[in-house]
Amino acid sequence: TIACFKTTDGTKNFSFRSSMTNLVPGTKYYVRAYATNITGTVYGSIKSFTATAGASAGTFKDPRDNKVYQTVRIGNQVWMAENLAWLPAVSPPSEDSSTDPVYYVYGYDGTDVSAASSSENCNTYGALYNWPAALSACPQGWHLPSDLEWKQLEGYLGLPIDEFDNAGFRGGEEGKQLKSPTGWTDDVSGTNSSGFSAIPAGYRFSEFEWMGIGLAWWSSSPASEENAWDRGLNNQTNKIDRYAYGKNSGFSVRCLKDLASATTPSITTKSMTEITQNSAMGGGEISSDGGSIVIARGICWNTTGTPDVQDPKTADGAGTGVFKSNMTGLSVGTKYYVRAYAVNSKGVSYG
């Protein structure tokens, strides 16, 4: 019913198209069309379907070294289904930098690129990169995913979208959809239903550690001058890690295919109602997600004009359609400027 998840697809008669988002791979869904007029809501017949697990998107050959990677489509994203192994240089784990690119191969303690590239660990687990190296590691047509693009992937896995500055373990069992069912030491079960095929490549901190137990992937989003956001998995839980680590750390890289056609969402701001001494009701309507899932939405306000998400704001879920927002903590007799906002992997849009 319309009390469940729904789309909002205009008011015209005759045919219309609807786009469902935030589906969980491998899950069966029941769907029916609805229409509402002044007398009430009516429904069409019930249909069902099962959301595909990560659909193979074929292969990609990196022209820099001719290595071939499996790829996977998850939602409207296309990922490399293997860790990047490109290695223009290599250093022992004792070499350290937060500003200059440094490349590693787990277990290799030398500088011979040919030897490191041909090692079993590089062929199986890929290379490890400090953050400056990771930023430019992906081949043309691909890029290091941002923190928001990792959020988008998590949304496709069914992880609720929360405030995007939260750190720590995220979700419940969603990580099992990313994990390969083999290769983990004492692993809690992984299904790889997404096709992401995560294997425990380990890390480089001051030395190599955690191969067989865990791994982390860089995002392109800095958290501070010293740290950048990552995503990770380990063998003790199926939760997904999101932490800010030192840019000198050695982590894996997963490349995401460029989505040139995506734009920021289309959004309008609703008029303010129910205005009291210290609160007011507002909201917005997102008519298009721009081709990339809306991961956060709400209203923002200030007393000077042109409010943005750095000002006080509400957080009112994710996805397209109409939403309501409740402003609180207002001061009597004060004039406020309000607009709706929506965030996807391409950035922020405002009403």
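Residues numbered from 1 in each chain as written. Predicted model: local features only at pLDDT ≥ 70, side-chain atom pairs only at ≥ 80, totals over all residues. Heavy atoms only, no water.

Undergrad: Before we go on, may I ask you to explain the packing of aromatic side chains in this structure?
TA: In the structure shown here, the tally under the stated rule is 20 aromatic pairs. With centroids separated by 5.4 Å and ring planes inclined at 75 degrees, the aromatic side chains of Trp79 and Phe196 adopt a geometry described as edge-to-face. In this pair, Trp79 is assigned in strand β7 (residues 77–80) and Phe196 in the loop between β11 (168–170) and β12 (203–204), connecting sequence segments 117 residues apart. Between Trp150 and Trp217, the ring centres sit 5.5 Å apart and the planes meet at 25 degrees, which makes this aromatic pair stacked. In this pair, Trp150 is assigned in helix α4 (residues 147–157) and Trp217 in strand β14 (residues 214–222), connecting sequence segments 67 residues apart. Just as Trp150 is buried, Trp217 falls in that class too. Within the aromatic cluster, the residues linked to one another by ring pairs are Phe169, Tyr203, Phe205, Trp210, Trp218, Tyr243, Tyr245 and Phe251. The aromatic ring of Trp86 is capped on one face by Arg64, whose charged end is 3.8 Å from the ring centroid. Positioned over the ring face of Phe196 is Arg254, at 4.3 Å from the centre of the ring. (Phe/Tyr/Trp six-rings, centres within 6.5 Å; stacked < 30°, edge-to-face > 60°. Helix = DSSP H or I, 4+ residues; strand = E, 2+ residues; numbered from the N terminus. Buried < 20%, exposed > 50% of the residue type's maximum accessible area, 1.4 Å probe, protein only. Lys NZ or Arg CZ within 6 Å of the ring centre and 35° of its normal.)

Undergrad: Help me understand α4, please; the structure alone is not making it clear to me.
TA: Because an α-helix completes one turn every 3.6 residues, residues spaced three or four positions apart along the sequence face the same direction. Among the 11 residues in α4, 11 count as buried, and that is most of the element. Restricting attention to buried positions, one finds in α4 the residues Asp147, Leu148, Glu149, Trp150, Lys151, Gln152, Leu153, Glu154, Gly155, Tyr156 and Leu157. Backbone geometry just after α4 places Gly158 at a positive phi near 100 degrees.

Undergrad: Looking at this structure, I do not really get the state of the cysteines. What am I missing?
TA: Two cysteines joined by a covalent bond between their sulfur atoms form a disulfide. Counted according to the given criterion, the structure contains 1 disulfide. In this structure Cys122 is a free cysteine whose sulfur lies 13 Å from that of Cys255, the closest cysteine sulfur available. (Disulfide = S-S within 2.5 Å.)

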